Amino acid sequence: MVKIYKEKVKKRSVKLFEIAHIYPNSPTVEQYLELKGLERLGDNSGSFDNKIALCKDCHSTKDYHTTKEDYLKFLYCKMKLELRN
């Protein structure tokens, strides 16, 4: 499970997450073809609905190697979170 809160380290806050786009902001040709026709959240990729908190390593991987399976996993996770609120 990803920690999405801050912890105190030597009297300063350390962010344990980064804000990532669920649908890539600037998809590569491969990502565009892989994700073509799939449901999207929000009006565009910059929409708040299209964002999720991830650890730095997961964010870097997702930015450049988004698969259909990973995209759908994050999409459904965000949809579940929205239903809870």
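Everything below is about the structure shown above.
So, a few notes on the structure that sits alongside this text. Source: prediction; values computed, not measured.

## Some details on the nonpolar core
And step 1. Residues Ala20, Ile22, Tyr23, Leu35, Leu41, Ile52, Leu54, Tyr71, Leu72, Phe74 and Leu75 constitute the largest nonpolar core, which totals eleven residues.
And step 2. Among the elements of the structure, strand S4 (51-54) and helix H3 (68-84) are those that each provide at least two residues to this core.
And step 3. In terms of residue count, H3 provides more of this core than any other element does, four residues in total.
And step 4. Excluding residues within four positions of it along the chain, leucine 75 makes contact with Ile22, Glu39 and Leu41.

## Overview of a nonpolar patch on the surface
And step 1. On the surface, Val29, Tyr32 and Leu33 cluster together into a nonpolar patch covering about 320 Å² of accessible area.
And step 2. By the element assignment, valine 29 lies in helix H1 (residues 29-35).
And step 3. Take valine 29: its relative accessible area is 58%, and that puts it in the exposed class.

## Some thoughts on the side chain of histidine 59
And step 1. Among the structural elements, histidine 59 can be located in helix H2 (residues 56-64).
And step 2. In contact with histidine 59, other than residues within four places in its own chain, are Glu18, Ile19, Ala20 and Leu54.

Rules behind the numbers
- Residues numbered from 1 in each chain as written.
- Predicted model: local features only at pLDDT ≥ 70, side-chain atom pairs only at ≥ 80, totals over all residues.
- Heavy atoms only, no water.
- Core = buried A, V, L, I, M, F, W, Y, C linked by side-chain atoms within 4.5 Å.
- Buried < 20%, exposed > 50% of the residue type's maximum accessible area, 1.4 Å probe, protein only.
- Helix = DSSP H or I, 4+ residues; strand = E, 2+ residues; numbered from the N terminus.
- Contact = heavy atoms within 4.5 Å.
- Patch = residues over 30% accessible without salt bridge, like charges linked within 9 Å, V, L, I, M, F, W, Y side chains within 5 Å.
- Areas by Shrake-Rupley, 256 points an atom, 1.4 Å probe, with all protein chains shown as cover.
- Salt bridge = Lys/Arg side-chain N within 4 Å of Asp/Glu carboxyl O.

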